[in-house]
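Secondary and tertiary structure notes
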Amino acid sequence: MQELSDIDDSLQMILNVLADGQFHSGQELGAKLGVSRAAVWKQAQKLQAFGLQVHSVKGRGYRLAGELELLSAQEIAAQLDSEAHQLLSQLDIHRVIDSTNTEAVRQVRASGYVCLAEYQAAGRGRRGRTWISAFGKNIYLSVVWIFAGGAAELEGLSLAVGVAIAETLTDIGIEDIQLKWPNDVLWQGKKLAGILLEMTGDPAGECQVVIGIGINLQLPSQIAAQIDQPWTDLQSIIRQSGNMDIEIKRNILIARLLSKLLPLLHSFGKDRFLAYRERWESLHAFSGLDVRLRTANTVINGRIKGVTETGALRVDTATGEEIFYGGEISVRLA
Ligand code: BTN
């Protein structure tokens, strides 16, 4: 297990002290860091650049707006189910990275390599979109898995991953999670989580797949203002559904997700999407609804019928049933 720091040591140290959400005086922080109070002030300003709100109050010092639960490889590993524990080959936590998917693609790793970050400076979404980031509040996770049977073995994998996310969230008490084909996780029509699969290697033989997952736990509104589609986060869902007993701990949520995801990846080559189809259909947000599909050069109207046993979308159109195989397709309610 390795925890990598990509922000400099003193910034990390100040973050570790402020993570408790309490006030710490400039003098105390300066003494801990071995720098002047003016240097502490500069570091506090830097934290704001990562989307962290730092309150500075005369006579009391600095405090983060709310407690910060930093990611911990030890805590995650300790909370994993035993099967997932065996399947985990390495867990790296970065404070700041360009993108956990990019990092996982850069690293040539064995199955079960997990890369997490507190903050992504260049997070990527599907269809060339940016996946925005706020430090220490959300989940940015990538898992590497090697598949011997090439691209054919991967059909429907991203949909199955959606089922694992939805069921993990349902297990912790979040109700009404739905999936939108191919792999958006929604709550009341708003995007809560996204999945980005990237494949390298031989499409006809052994290939390495990076499964990237982003889950919104707490998106500050000034950062979320950059998102160009309806979105939500777990904090808002809990508030809106009045279910305030649910307490979300990132390390525990990650461990629960990996406890589903790693066994899923391990057995997917054998089980295939067929083993997940029924569960996916039961979570399908647009089931039986009229939609508009946009491909690279056409727009098609139709009514959603469901998914095939490999996870392709079945749509009733004016010319009969058509099957859509993913890629750069967007689906919107008509
Ligand atoms: C989508 O557009 O719905 C996919 C979003 C995927 C975001 C995750 S966050 C972790 C991983 N690293 C990235 O840069 N993207 C994925």
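Residues numbered from 1 in each chain as written. Predicted model: local features only at pLDDT ≥ 70, side-chain atom pairs only at ≥ 80, totals over all residues. Heavy atoms only, no water.

Right, let's get into the sheet that holds strand E12 (residues 299-307). Here we have five strands laid out as an open sheet, ordered E14-E13-E12-E11-E15, and antiparallel in their pairing. Unpaired on one side and paired on the other, strand E14 (320-324) and strand E15 (330-333) mark the two borders of the sheet. Neighbour-to-neighbour, the strand axes of the sheet open up by a mean angle of 45 degrees, direction not taken into account. Pairing of strand E13 (residues 313-317) with E14, which is carried by five bridges, proceeds in the antiparallel orientation. Of the residues in E14, the one forming a bridge with Arg314 is Ile323. (Pairing = 2+ DSSP bridges. Helix = DSSP H or I, 4+ residues; strand = E, 2+ residues; numbered from the N terminus. Axes fitted to C-alpha atoms, helices over the stretch in contact; angles between N-to-C directions.)

Now for the site of the ligand. Around the ligand lies a shell of 20 residues, among which Ser99, Gln120, Arg124, Arg126 and Lys191 are the nearest. A distance of 2.8 Å separates a nitrogen atom of the ligand from a polar atom in the side chain of Gln120. In the environment of the ligand, an oxygen atom lies 2.6 Å from a nitrogen or oxygen atom belonging to the backbone of Arg126. When the free accessible area of the ligand is taken as 420 Å², the share hidden by the protein chains comes to 99%. Of all the elements in the fold, those that place two or more residues in the shell around the ligand are helix H6 (100-106), strand E6 (139-147), strand E9 (190-201) and strand E10 (207-215). (Near = heavy atom within 4 Å. Polar contact = N/O pair within 3.5 Å; in protein donor to acceptor, adjacent residues only side chain to side chain. Areas by Shrake-Rupley, 256 points an atom, 1.4 Å probe, with all protein chains shown as cover.)

Opposite charge on two side chains permits pairing when their charged atoms draw close. Taken as a whole, this structure holds 16 salt bridges when the rule is applied. Glu118 is the partner of Arg250 in a salt bridge, and the nearest nitrogen-oxygen pair spans 2.6 Å. Of the two residues, Arg250 is situated in helix H10 (residues 250-271) and Glu118 in strand E5 (residues 113-120); the sequence distance between them amounts to 132 residues. Like Glu118, Arg250 is buried. (Salt bridge = Lys/Arg side-chain N within 4 Å of Asp/Glu carboxyl O. Buried < 20%, exposed > 50% of the residue type's maximum accessible area, 1.4 Å probe, protein only.)

This part takes up helix H3 (residues 37-49). For H3, spanning 13 residues, the distance from its first C-alpha to its last is 19 Å, which sits close to the expected 18 Å at 1.5 Å a residue. Taken residue by residue, H3 has Val40, Gln43, Ala44 and Leu47 as its buried positions. An end-on view of H3 places all buried positions within 105 degrees of arc, on one side of the element. Exposed and facing more than 90 degrees away from the buried side of H3 are Ala38, Lys42 and Ala49. Structurally, H3 contributes buried residues whose contacts are with helix H1 (9-18), helix H2 (26-33), strand E2 (54-57) and strand E3 (61-64). One or two steps after H3, the chain reaches Gly51, where phi turns positive at roughly 85 degrees. (Expected span 1.5 Å × (residues − 1). Arc of directions from axis to C-beta. Contact = heavy atoms within 4.5 Å.)

Before going further, it helps to spend a moment on the packing of helix H7 (residues 157-171) against H10. Remark: H7 packs on H10, axes separated minimally by 9 Å, with the N-to-C direction vectors making an angle of 150 degrees. Judged by the twist between their axes, the crossing of H7 over H10 is right-handed. Between H7 and H10, the contacting residues are Leu157, Ala160, Val161, Ala164, Ile165, Glu167, Thr168, Leu169 and Asp171 on the first element and Leu253, Arg256, Leu257, Lys260, Leu261, Leu264, Leu265 and Phe268 on the second. Classifying every residue of the contact of H7 with H10 by side-chain character gives twelve nonpolar, one polar and four charged. (Left-handed = near helix turned anticlockwise from the far one by under 90°. Nonpolar A, V, L, I, M, F, W, Y, C, P; charged D, E, K, R; others polar.)

What the rule picks out here adds up to three aromatic pairs. Three or more aromatic residues link up through ring pairs in this structure, and these residues are Phe50, Tyr119 and Phe135. (Phe/Tyr/Trp six-rings, centres within 6.5 Å; stacked < 30°, edge-to-face > 60°.)

It is at 9 Å that the axes of H7 and helix H11 (residues 274-283) come closest, and there the two elements cross at 60 degrees. By crossing handedness, the relation of H7 to H11 is classed as left-handed. Residues Leu159, Ala160, Val163, Ala166 and Glu167 of H7 touch H11, and the partners they reach there are Tyr276, Arg279, Trp280 and Leu283. Among the residues making up the contact of H7 with H11, the classes are represented as seven nonpolar, no polar and two charged.

With that out of the way, let us pick up the side chain of Ser133. Among the structural elements, Ser133 can be located in the loop between E5 and E6. Within polar-contact distance, the side chain of Ser133 engages the backbone nitrogen of Gln120 at 2.8 Å. Among the polar contacts listed, one links the side chain of Ser133 to the side chain of Tyr140, at a separation of 3.4 Å. If we ignore the near neighbours within four places in the chain, the residues touching Ser133 are Tyr119, Gln120, Tyr140 and Ile223.

Further remarks concern unusual backbone geometry. Residue Pro182 is reached from Trp181 by a cis peptide bond, and omega for that bond is 0 degrees. Relative to the helices and strands, Pro182 resides in the loop between strand E7 (177-180) and strand E8 (184-187). Of note in this structure, Asp176 is not a glycine but carries a positive phi near 65 degrees. Mapped onto the elements of the fold, Asp176 is located in the loop between H7 and E7. Of note in the backbone geometry, Arg272 takes a positive phi value of approximately 60 degrees without being a glycine.

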